[in-house]
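# A closer look at the structure
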Amino acid sequence: MSIGIIGSGNVGRALGQLFSHVGEQVILSHRHGVASLAPVIAEMRSTVEAGTVAEAANQDIVVLAVPFNALDELPAQVKADAVVIDATNYFPSRDGERSELTSHQITSSQLVAQHFGTKKVVKAFNTIAMTKIRSLAKPNQPAGRIAIPIAGDDAAAKQTVTALIEKIGFDVVDLGDLANSYPAQADGPLFLFTGDADQVRTQANK
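To keep things clear, this report deals only with the structure shown in the data block. (Residues numbered from 1 in each chain as written. Predicted model: local features only at pLDDT ≥ 70, side-chain atom pairs only at ≥ 80, totals over all residues. Heavy atoms only, no water.)

### Considerations on the overall build of the protein
- A tally of regular secondary structure across the protein gives nine helices and eight strands.
- Along the first, second and third principal axes, the C-alpha set of the protein runs to 45 × 40 × 30 Å.
- Here the protein, with 206 residues, has 54% of them falling under the buried criterion.
- Counting only contacts in the protein whose residues sit at least 6 apart along the sequence, the fraction spanning at least 24 positions is 62%. (Helix = DSSP H or I, 4+ residues; strand = E, 2+ residues; numbered from the N terminus. Buried < 20%, exposed > 50% of the residue type's maximum accessible area, 1.4 Å probe, protein only. Contact = heavy atoms within 4.5 Å.)

This is the structure we're talking about:
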């Protein structure tokens, strides 16, 4: 299964490295073009290559690793049946005041799903600090691992993301559908929280 990552900042790089360490084929992209990614790709494993944003959006799994305010600049379509992993966070100070988000009338991931016109959006990877994620990954340790919360409206898409998260060395806590993903937003109790599955479940209800 191929993975396209849109965004080559801290999030895109960290996830690209984690995915490549377990043998996944990754296309890393950003808006500045393929050539400018050469120094980044040189630090990656051979399963990671540079591509355009359009190429990244045409993979089996598409990871959004960009600021939330860049959403409108992204292609409105991804590969048919692609699973979109929403690793974005909405910050009013950076992304602009949006009353429907700050008042929790709608979740940021629901807006992502609306943008792409797909139910296969899964909120994941946005609560954990990318500076720590590689050291926290325990791919060969089946018990006592750090848990990553996810949310999504499509059961099969969540199964796909769960398998990927477990493969790179984390457990998963399913928060439910995208409408219930508030705990995992930047203003929610799980943002930057680190714990095992039981601790994440407890924290999500605070």
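Having seen the structure, we can now continue with the description.
### Some points on the environment of Gly144
- As for its placement among the helices and strands, Gly144 is situated in the loop between α7 (130–136) and β7 (147–152).
- The class of Gly144 is exposed, set by a relative accessible area of 67%.
- The sequence separation of Gly144 and Ala197 amounts to 53 residues, and the corresponding C-alpha distance is 8.5 Å.

### Comments concerning the sheet that holds strand β2 (residues 25–29)
- In spatial order, the strands read β3-β2-β1-β4-β5-β6-β7-β8; together these eight strands make up an open sheet with mixed pairing. Every interior strand has two partners, whereas the edge strands, β3 (48–50) and β8 (171–174), have only one. Taking the axes of each pair of neighbouring strands and ignoring which way they run, one obtains an average angle of 25° across the sheet.
- Strands β1 (2–6), β2, β3 and β4 (61–64) of the sheet are contacted by helix α1 (residues 10–21), whose axis makes an angle of about 165° with β1.
- Along the sheet face, helix α6 (residues 108–116) touches β4, β5 (83–86) and β6 (121–123) and points at about 160° away from the line of β6. (Pairing = 2+ DSSP bridges. Axes fitted to C-alpha atoms, helices over the stretch in contact; angles between N-to-C directions.)

### Observations regarding the nonpolar core
- Core analysis: the biggest nonpolar cluster contains 36 residues, and Ile5, Phe19, Phe125, Ile133, Ile165 and Phe170 have the highest contact counts within it.
- The element contributing the most residues to this core is helix α8 (residues 155–168), with five residues.
- Those residues within four positions of Ile133 in sequence are excluded, and the remaining contacts are Ala14, Leu15, Leu18, Phe125, Ile128 and Phe170.
- By size, the runner-up hydrophobic cluster in this structure holds 24 residues, among which are Leu64, Ala70, Val84 and Leu101. (Core = buried A, V, L, I, M, F, W, Y, C linked by side-chain atoms within 4.5 Å.)

### With respect to α6
- Counting buried residues in α6 gives seven out of nine residues, a clear majority hidden from the surface.
- What α6 keeps buried is the set Ser108, Ser109, Leu111, Val112, Ala113, His115 and Phe116.
- On the buried face of α6, the contacting elements are β4, β5, α5 (99–102) and β6.
- Phi for Gly117, located one or two positions after α6, is positive at around 65°.

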